[in-house]
Amino acid sequence: MIVLKLGGSVITEKDRAETLDGEALGRAADAVAATLEAAGQGPGGSEDETADLVIVHGGGSFGHHNASEHGVTTTDGTHDAAAALEIHGAMKTLNQFVLTRLLERDVQAVPVHPFSAGHRDETAALEFPTGQVETLLAEGFVPVLHGDMIAHAGSGATVVSGDELVVELARDLEADRIGLCSTVPGVLDDADDVIDRISKYKDVESVLGASDATDVTGGMAAKVRALLELEAEASIFGLEALDSFLRGEPAGTTIE
Ligand code: IP8
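About the cut-offs
Residues numbered from 1 in each chain as written. Predicted model: local features only at pLDDT ≥ 70, side-chain atom pairs only at ≥ 80, totals over all residues. Heavy atoms only, no water. UniProt positions renumbered as here; feature names shortened; annotations may be inferred. Pairing = 2+ DSSP bridges. Helix = DSSP H or I, 4+ residues; strand = E, 2+ residues; numbered from the N terminus. Contact = heavy atoms within 4.5 Å. Axes fitted to C-alpha atoms, helices over the stretch in contact; angles between N-to-C directions. Phe/Tyr/Trp six-rings, centres within 6.5 Å; stacked < 30°, edge-to-face > 60°. Buried < 20%, exposed > 50% of the residue type's maximum accessible area, 1.4 Å probe, protein only. Lys NZ or Arg CZ within 6 Å of the ring centre and 35° of its normal. Core = buried A, V, L, I, M, F, W, Y, C linked by side-chain atoms within 4.5 Å.

In the nomenclature of an unreviewed UniProt entry, the protein chain corresponds to Isopentenyl phosphate kinase from the organism Natronorubrum halalkaliphilum. UniProt annotates the protein chain under Sequence similarities (unreviewed entry) with the comment "Belongs to the isopentenyl phosphate kinase family." Under the UniProt heading Catalytic activity (unreviewed entry), the entry covering the protein chain gives this text: "isopentenyl phosphate + ATP = isopentenyl diphosphate + ADP".

Laid out in structure tokens, this is it:
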């Protein structure tokens, strides 16, 4: 089972509010469609269990701008339903674009909106039941989740990032592989070369800067930290390596 995150900055123009990068999204959808076709996956169930794929996408220029306008982050919540709906609505709009591009290529993609599926408890820990995703996979669908708003005990509703969902899904569904498709070809060192493997955060701490555009859920440092917590191997790579990743070949930086 593969959990694939399509970074928000990959599939949108991150610096222009609510602007899709249709070409990039099309390329990503092509890669997904080709992999599933090669594995013989079609409606009614997968012939090859390893072809099971869960997609999570980030927000990019959808969601993040709305969230920062309302001062909402993964820790600072809102009790204003209109604000929560605005952020959720932006993410649903992007989700619909992703679903449409996948459906156009005969990928059996269906949405799972985290706002309606999970919550954070008083300690901010994410509770995200995965029975729905598991059942959709078993029935031959490709569940497509996204960063979203989420009910947060004591704080109203906060943002849940796609990366948090990836970690949660990978752990709960015992993913074999995790891929984060990013705007960079991997985690870069000081000379802008791709670091092949990362096994300890402290080895890369000095080279991981903050994300340069509005991103309420943290940049590369947060991603690497979260992926290091997982049992399964994870990869961070650029769109050009998505095909290789989906074929099971090395792509970008491997996080052990
Ligand atoms: O781009 C953020 O998801 P991310 C979603 O995966 C919102 O961090 C609502 C800003």
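That covers the picture; the talk isn't over yet.
As summarised here, the arrangement of the eight strands in space is 3-6-2-1-9-11-12-10, forming an open sheet in which the pairing is mixed. Each of the sheet's edge strands pairs with one partner strand only, and the pair in question is strand 3 (109–111) and strand 10 (197–198). Strand direction decides the pairing type here: strand 2 (residues 53–57) and strand 6 (residues 142–146), joined by three bridges, are parallel. Note that in strand 6 the partner of V56 across the bridge is L145. The strands that helix 4 (residues 81–103) touches are strand 2, strand 3 and strand 6; relative to strand 6, the one it contacts most, it runs at about 155°.

To continue, consider the packing of aromatic side chains. Taken as a whole and judged by the stated rule, the model has two aromatic pairs. Arranged with centres 6.3 Å apart and planes meeting at 70°, the rings of F62 and F97 form a pair that is edge-to-face. In this pair, F62 sits in the loop between strand 2 and helix 3 (64–69) while F97 sits in helix 4, placing the two residues 35 residues apart along the sequence. Residue F97 is classed as partly exposed on the basis of its relative accessible area, which comes to 31%. Judged by centre distance (4.9 Å) and plane angle (25°), the rings of F237 and F245 are stacked. Owing to a relative accessible area of 0%, F237 belongs among the buried residues under this scheme. Looking at F245, the relative accessible area reads 1%, which means it is buried. Lying across the ring of F245, R177 places its NZ or CZ 4.6 Å from the centre. Against the face of Y201 rests R225, its NZ or CZ located 4.7 Å from the ring centre.

Ranked by internal contacts, the top residues of the largest apolar core, which has 41 residues, are L169, I178 and V224. Listing elements by their share of this core, those giving two or more residues are strand 2, helix 5 (131–138), helix 6 (162–172), strand 9 (177–182), helix 7 (220–228) and strand 11 (233–238). The dominant element in this core, judged by the number of residues it contributes, is helix 7, at six residues. For L169, the contacting residues outside a window of four places in its chain are V3, V54, V56, F128, T130, V133, L145 and E174.

The UniProt entry lists G59, H64 and G162 under the feature "binding site: substrate" (unreviewed entry), expressed in the numbering used here. Spanning 104 residues, the annotated positions come together in the fold, the maximum distance between their C-alpha atoms being 11.9 Å. In this structure, G59 sits in the loop between strand 2 and helix 3. Within the secondary structure, G162 sits in helix 6. Relative accessible area serves as the criterion here: at 5%, G162 is assigned to the buried category. Excluding residues within four positions of it along the chain, G162 makes contact with K5, V56 and G147.

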